[in-house]
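Commentary on secondary and tertiary structure
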Amino acid sequence: MPFPSETEKKTTLDQALRGVLEAEIKGSCDDFLSLIDLSIDSVTEGICSATTPFLLLGDVLDCLPLDQCDKIFTFVEENVSTWKSVSSLFWVHGSLCDLLRRLSKSQNTVFCGRIQLFLARLFPLSEKSGLNLQSQFNLDNITVFNKNEQESTLGQKHSEEKEEGMEVEEGEMGDEDEPAPCSIPIDYNLYRKFWTLQDYFRNPVQCYDKFSWMTFLKYSDETLAVFKSYKLDDTQASKRKLEELRTAGGEHVYFAKFLTSEKLMDLQLSDSNFRRHILVQYLILFQYLKGQHILNTEENWNSWKNEGCPSFVKERPADAKPIRPTRKRPAPEDFLGKGPDRKIFMGNDELTRLWNLNPDNMEACKSDSREFMPSLEEFFEEAIEQADPANMVEDEYKVVRNSNYGWRALRLLSRRSPHFFQPTNQQFKSLADYLESMVIKLAKELPDIPSEEIKTGEEEDDDNGDNLLKETNDSPGIQHKLVSNQQMDEVAAKLGSQWKSLASQLEMKAAEMREIETESEDVDMQAKLLLVSWQDREGTQATVENLASALTAAGFPKIAEALTET
Amino acid sequence: MGPVELLHMSVFSQSFSPCGRFLAASNNYGEIAVFSLSSSLSPEATGINQKPILTFTAHEGPIFALLSTDAHLLSAGNGEISAWSWAELAKRNPKAVWIRRPQYKSSLEIPEINDMIVNCRDNSLAVGGGDNNIHIMDLETGVFKSVLQGHTDYIHCLSMREREGELLSGGEDGAVRIWDCRTGQSVHRLEVYKYEECARPQYGKWISCLTTDSDWMLCGGGPSLSLWHLRSLSPTSIFPLSGCQRQAMFYQDLILSVGEGHFLSHCLLGGDVKSLIPCSPPSLNTVALNTNSTEHRVLTVGGSSDQIDVFTNLSYKAFSLSF
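Residues numbered from 1 in each chain as written. Chains lettered and ligands numbered in written order. Predicted model: local features only at pLDDT ≥ 70, side-chain atom pairs only at ≥ 80, totals over all residues. Heavy atoms only, no water.

1. Some details on the overall build of chain A
As a reminder, the rule being used: For helices the rule is a DSSP run of H or I covering at least 4 residues; for strands it is a run of E covering at least 2, with both sets numbered from the N terminus onward. In this scheme, a residue with accessible area under 20% of its type's maximum is buried, one over 50% is exposed, and one in between is partly exposed, where area comes from a 1.4 Å probe on protein chains only. Residue contacts follow a heavy-atom distance rule, with two residues in contact if any of their heavy atoms lie within 4.5 Å. Surface accessibility in these figures is a Shrake-Rupley result with a 1.4 Å probe; residues are shielded only by whichever protein chains are displayed.
When helices and strands are tallied, chain A shows 28 helices and 0 strands. Per-residue burial over chain A gives 31% buried out of 566 residues. Within chain A, counting contacts between residues at least 6 apart in sequence, those at least 24 apart form 65% of the total. Element-wise, carbon and sulfur atoms account for 53% of the exposed surface of chain A, whose accessible area totals about 38000 Å².

Quick look at the structure:
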């Protein structure tokens, strides 16, 4: 028979250990704790499989009553380093979670807390399994309160009224209820509405349903009106209370769940901490609904989760500069502006101040306040006015004749005006003439200086510069002019019998054409009628331009040209 | 009662029943409404419970004063005092037990009665009103025993100083007079408007609210609401409330006051206004605390509206009863 292999040996030992534990389980804690210790040592020695301690632990925790589990857990806590080194976190987690499930959250709060703290320390911070990745709501968190009057143990004394027969609206509260008479009047209306709000905080998804949302709004309005009606003015009182609490042991008030008895309602409303809790609940709800930056830590938490929970270990920044020790006397670099203040000391306060307004000379020169070049408008305003023939300024007094002005004008034009660079065939006898022509061009462009009178003189200048533009642009005055009677007569005369070809361009219908034919025999007359009916139809659109383009399209370019020239 | 009448209704006075389960309120139409507090405070109360169980017309003109004795409800309106049995009212039977009228000098003009107070020592009723006098009536016999004269203008309010057996009255003439009930003489006369710290000349000098607990007195109206020490007859605290106060009362260590403005003011004895609790009527005339029952110990306020606000917790309005 061959020697048993290592694994076989290990499994044997595992089984043996478990068997012993089973036998010892009714014994005292210390016995099986030492057994588990033994198993851990065996793992370290390598004679036992790594999972055995955990199996043993799991068995122990499952079999023992809760009070003894406490001791086992202390053992687990003490040996936390062992668990980490053996790296079977999974097992530990599993058995501890089972234990957690068994424990009641409200009665064994301390024990639950210890287990959870332990788990939190055991796992790295970025461990995903401990997270509520999808931000789901704890739907089990139901607040219980007395919704139904009959469930209320605070019954009113109604028996005497019944005898006298006065109370009509009695309800079902009769003698079968044991009325412990309440000593203070209770506002049931507010009580019910207030605690119903907790259901909305528990499950904010309800807010998306219209009817629920309206109810929520109504109840919230009432509740907040009550809060507002009586502002708690006890900032001084609460400060004192906080100090008392701190001296008393430094523990904050903790409660697991709201107490919803009717009698407490009045006291709760007067408690500023309670109100704060409710208002924070509102904030959380709004955070969920709107995603605003009310609770920034929540935002950070959410975004961290969304990024896949990156590790929190900070890399040491490579260029971390050592902190400058503070010096008593200013170091030489400070003078030259390299110190932390970046101030250059000139030796004199006033000079320092002036220099440090902007220590960098180049930057200072670029600043807006050093922009001294005037705009075209400003500079040429006077010249434009003088160029206006209506003003009747004599040549020799025009500012463009001033050589100083002329020189500056040229410089400005070179910086600001595109006209300076346009090639022109015009010969200018003197700078003044050139400037005059430029002034006139500028006057056309600059919007707020009246320049209609200048146009009459512009045609000669425009010949060279604006030739390219002329064919497509009509002179501005004629563009929107309606066709006059005389023009129509002329066109009709020229069209003659060919008016039908124009008719199609003018979008005349066949019916209308027939009508025109029947109306008159004379072709000129027919042409005229055509134009008249076109004009009637177009109304304000019966412009020269439209007619000319129609004529050109119909094949009468000469008539079109003649029309536009009139 | 149509909507227009409801709109113009003002509640002038309230009184709780001796058992504490009912509230009677009077309005400017001469009606008295009886509300059942136990049904409106019960857990299953609905809108119907906030309506009166009985409404009846008690007087021809507005009823300015209501008062409850051990078994009766007294109401005073246009110059006459009527008494109703609470037991009968609870059974919804509005039948007057007696009606009396003080002796007025002229029979042409009937002065209204603005306030009434009971002197428990000798079981008498003091009424003050438009004829500038206080008439004392014996409740046993119904006879008007005496008239206290002294005010130069009509009387707004009355209050009783139990320990000393003195009656306090405040009137339109700005004077608070302290009367000895046995002798019928005016012992002191305080002209509140003459004290600079209280006076508010822009409102006038009339005193419309007066209450006392033997050592201290609260009075207000045209002048600011002020707390007076009766032994030294000097003001100790002035309350900076805007508007003229119409009724004030002591409650534990607070002073509750209502008047112009839609809020109930909580003031501290030192002169600070602790809080202003909003109410539904735009202006308030009367505030009453039900001390006759612990279960139904509520505070009710009424004013220029058909709504009477009920407070279970002094800091907010729980619900409203409506006429």
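2. Here we look at empty space enclosed by the protein
Stated precisely, the cut-off is as follows: Only protein atoms enter the 1 Å grid used here, on which a cavity is any set of points holding a 1.4 Å probe that cannot leave and a pocket is any open set flanked by protein within 12 Å on both sides along at least five of seven lines; residues with an atom within 4 Å of a point are listed as lining. Grid points are joined across faces, edges and corners, and a volume is the space filled by probe spheres set on the points. As a working rule, the residues Ala, Val, Leu, Ile, Met, Phe, Trp, Tyr, Cys and Pro are called nonpolar, Asp, Glu, Lys and Arg charged, and the rest polar, with Gly in that last group.
For the coordinates displayed, the defined rule picks out 6 cavities of 30 Å³ or more. Here the largest cavity is characterised by a volume of approximately 50 Å³. Its residues assigned to classes, the lining of the largest cavity comprises 5 nonpolar, 1 polar and 4 charged.

3. Section: helix H23 (residues 485–495) of chain A
Residues and elements named next belong to chain A. Under the convention used in this document: What the arc describes is the spread of directions from the helix axis to the C-beta atoms.
Turning to H23, its buried residues number three or more, namely Gln 487, Met 488, Val 491, Ala 492 and Leu 495. End-on, the buried residues of H23 take up no more than an arc of 135°, which puts them together on one face. Among the exposed residues of H23, those oriented more than 90 degrees off its buried face are Gln 486 and Ala 493. Contact partners of the buried residues in H23: helix H24 (499–505), helix H26 (523–538), helix H27 (544–554) and helix H28 (557–565). Just beyond H23, the residue with positive phi is Gly 496, at close to 60°.

4. A look at helix H20 (residues 431–445) of chain A
Counted only if it meets this: Multiplying 1.5 Å by the helix residue count minus one yields the expected span of that helix.
In this model H20(A) runs 21 Å from its N-terminal to its C-terminal C-alpha over 15 residues, within 8% of the 21 Å that 1.5 Å per residue would give. Buried within H20(A) we find Ala432(A), Tyr434(A), Leu435(A), Glu436(A), Ser437(A), Met438(A), Val439(A), Ile440(A), Leu442(A) and Ala443(A).

5. Remarks on the layout of surface pockets
All names here are of chain B. Taken as a whole, the largest pocket encloses approximately 1700 Å³ of empty space. Taken together, the elements giving at least two residues each to the lining of the largest pocket come down to strand S1 (11–16), strand S5 (65–68), strand S9 (113–119), strand S13 (155–161), strand S17 (207–212), strand S21 (245–251) and strand S25 (284–289). Each residue belonging to the lining of the largest pocket can be placed in one class, and the counts come to 24 nonpolar, 19 polar and 4 charged.

6. Thoughts on the pattern of salt bridges
All names here are of chain A. Applied cut-off: Each reported salt bridge corresponds to a side-chain nitrogen of Lys or Arg within 4 Å of a carboxyl oxygen of Asp or Glu.
In the structure shown here, the tally under the stated rule is 20 salt bridges over all chains. Among the salt bridges present, the one from Lys 398 reaches Glu 436, with a minimum N-O distance of 3.4 Å. Of this pair, Lys 398 sits in the loop between helix H18 (376–387) and helix H19 (403–416) while Glu 436 sits in helix H20; the two residues are 38 residues apart in sequence, bridging distant segments of the chain. Like Glu 436, Lys 398 is buried.

7. Examining unusual backbone geometry
Residue and element names in this part refer to chain B. Although it is not a glycine, Arg 92 sits at a positive phi angle of roughly 65°. Looking at where Arg 92 falls in the secondary structure, it is placed in the loop between helix H3 (86–90) and strand S8 (96–100). At Gln 252, a position not held by glycine, the phi torsion is positive, near 50°. Note that Gln 252 resides in the loop between S21 and strand S22 (254–259).

8. Some thoughts on the packing of aromatic side chains
For clarity, the threshold we go by: In this scheme Phe, Tyr and Trp rings, the latter by its six-membered ring, pair at centre separations within 6.5 Å, and the angle between planes marks the pair as stacked below 30 degrees, edge-to-face above 60, and tilted otherwise.
Inspection of the entire model under this criterion finds 23 aromatic pairs over all chains. What links up through ring pairs into an aromatic cluster is the set Tyr200(A), Phe201(A), Trp213(A), Phe216(A), Tyr282(A) and Phe286(A).

9. Here we look at the confidence of the model for chain B
Residues and elements named next belong to chain B. Defined as follows: Known as pLDDT, the predictor's per-residue confidence is scaled from 0 to 100.
Confidence along chain B averages 91 in pLDDT terms, with 100% of residues attaining 70 or more. By mean pLDDT, helix H1 (residues 3–7) is the weakest element of chain B at 89, and S1 is the strongest at 95. The ipTM, which scores confidence in the relative placement of chains, is 0.77 for this predicted complex, and the corresponding pTM is 0.56.

10. Details of the packing of helix H1 (residues 6–24) of chain A against helix H2 (residues 29–45) of chain A
The description of two helices packed together rests on the angle between their axes and the distance between the axes. All names here are of chain A. Selection rule: Axis lines are fitted through C-alpha atoms, for helices just across the contact stretch, and the angle between N-to-C directions can take any value from 0 to 180 degrees. For this classification, under 35 degrees means roughly parallel, over 145 means roughly antiparallel, 65 to 115 means roughly perpendicular, and everything else is oblique.
Axis separation between H1 and H2 bottoms out at 10 Å; the angle between their running directions is 170°. Overall, the two elements H1 and H2 adopt an arrangement that is roughly antiparallel. Here H1 contributes Leu 13, Leu 17, Val 20, Leu 21 and Glu 24 to the contact with H2, which in turn contributes Asp 31, Phe 32, Leu 35, Leu 38, Ser 39 and Ser 42. Along the lines of polarity and charge, the residues of the contact of H1 with H2 split into 7 nonpolar, 2 polar and 2 charged.

11. Regarding the environment of Ser169(B)
All names here are of chain B. Applied cut-off: The term polar contact refers here to a pair of N or O atoms within 3.5 Å; inside protein, the definition further demands a hydrogen-donor-capable atom paired with an acceptor-capable atom, and it admits residues adjacent in sequence only when both atoms are side-chain atoms.
Within the secondary structure, Ser 169 is located in strand S14 (residues 166–171). Accessibility expressed as a relative area gives 0% for Ser 169, which makes it buried. C-alpha of Ser 169 to C-alpha of Arg 189: the two residues are 20 residues apart in sequence and 9.7 Å apart in space. Setting aside anything within four residues of it in sequence, one finds Ser 169 in contact with Ile 134, His 151, Ile 155, Cys 157, Leu 158, Ala 175, Val 176, Arg 177, Trp 179 and Leu 210. A distance of 2.7 Å separates a polar atom in the side chain of Ser 169 from a polar atom in the side chain of His 151.

12. Remarks on the nonpolar core
Residues and elements named next belong to chain A. Filter applied, for reference: We call a set of buried Ala, Val, Leu, Ile, Met, Phe, Trp, Tyr and Cys residues a nonpolar core when their side-chain atoms join them within 4.5 Å.
In this structure, Phe 32, Val 60, Ile 72, Leu 96 and Ile 115 are the most contacted members of the largest nonpolar core, which totals 34 residues. Those elements giving two or more residues to this core turn out to be H1, H2, helix H3 (52–63), helix H4 (66–78), helix H6 (89–102) and helix H7 (109–122). When residues no more than four places from it in sequence are discounted, the contact partners of Val 60 are Leu 21, Ile 25, Phe 32, Ile 36 and Ile 72. Counting residues in hydrophobic clusters, the runner-up holds 26 residues, among them Leu 495, Ala 503, Ala 527 and Leu 563.

13. Observations regarding the pairing of strand S16 (residues 186–191) of chain B
Residue and element names in this part refer to chain B. Put simply, the test is: Pairing between two strands is assigned when DSSP locates at least 2 bridges connecting them.
Where strand S15 (residues 175–180) and S16 come together, 5 bridges link them in antiparallel fashion. Within S16, the residue paired with Trp 179 across the bridge is Ser 186. The antiparallel pairing of S15 with S16 creates a hairpin that spans 5 residues between the two strands, and Gly 184 there sits at a positive phi of about 80°.

14. Describing the pairing of strand S10 (residues 124–129) of chain B
Residue and element names in this part refer to chain B. With respect to burial, S10 is a largely interior element, 6 of its 6 residues being buried. Burial along S10 is two-sided: Ser 124, Ala 126 and Gly 128 and Leu 125, Val 127 and Gly 129, pointing in opposite directions, are all buried. Counted along the chain from S9 to the antiparallel partner S10, the turn is 4 residues long, and its residue Asn 123 has a positive phi close to 55°. Note that S10 and strand S11 (residues 134–138) share 5 bridges and pair antiparallel. Paired with Gly 128 across the two strands is Ile 134, which belongs to S11. In this antiparallel pair of consecutive strands, S10 and S11, the connection spans 4 residues, and Asn 132 shows a positive phi of 65°.

15. Some thoughts on the sheet that holds S9(B)
Residues and elements named next belong to chain B. The 4 strands are arranged S9-S10-S11-S12 in an open sheet whose pairing can be described as antiparallel. Because the sheet does not close on itself, it has two edges, and the strands there are S9 and strand S12 (144–148). Taking each pair of neighbouring strands and ignoring which way they run, the sheet shows an average axis angle of 20°.

16. Section: the sheet that holds strand S18 (residues 216–221) of chain B
Residue and element names in this part refer to chain B. With respect to topology, 4 strands assemble into an open sheet ordered S17-S18-S19-S20, the strand pairing being antiparallel. Of all the strands in the sheet, the pair left with one neighbour each is S17 and strand S20 (234–238). Averaged over all adjacent pairs, the angle separating strand axes in this sheet is 25°, with direction ignored. Two strands pair when backbone bridges link them, and S18 and strand S19 (residues 226–229) are joined in this way by 4 bridges, in the antiparallel orientation. When the bridges of S19 are listed, Trp 216 appears paired with His 229.

17. Quick notes on a negative patch on the surface
Residue and element names in this part refer to chain A. Selection criterion: Candidate patch residues must exceed 30% relative accessible area and have no salt bridge, after which like charges are joined if within 9 Å and Val, Leu, Ile, Met, Phe, Trp or Tyr side chains if within 5 Å. Charge assignment in this entry is limited to Lys and Arg as positive and Asp and Glu as negative, and neither His nor the chain termini are counted. The atom standing in for a charge is NZ when the residue is Lys, CZ when it is Arg, CG when it is Asp and CD when it is Glu.
On the surface, Glu 377, Glu 378, Glu 381, Glu 382 and Glu 385 cluster together into a negatively charged patch. Residue placement: Glu 378 occurs in helix H18. The exposed category is assigned to Glu 378, whose relative accessible area is 54%.

18. A closer look at the state of the cysteines
All names here are of chain B. Note the following rule: Cysteine sulfur atoms that pair up within 2.5 Å are treated as a disulfide.
Within the structure shown, the criterion is met by 0 disulfides over all chains. Cys 219 provides the cysteine sulfur closest to Cys 198, a residue in no disulfide bond, and the two sulfurs are 6.8 Å apart. On the accessibility criterion, Cys 198 (0% relative accessible area) is buried.

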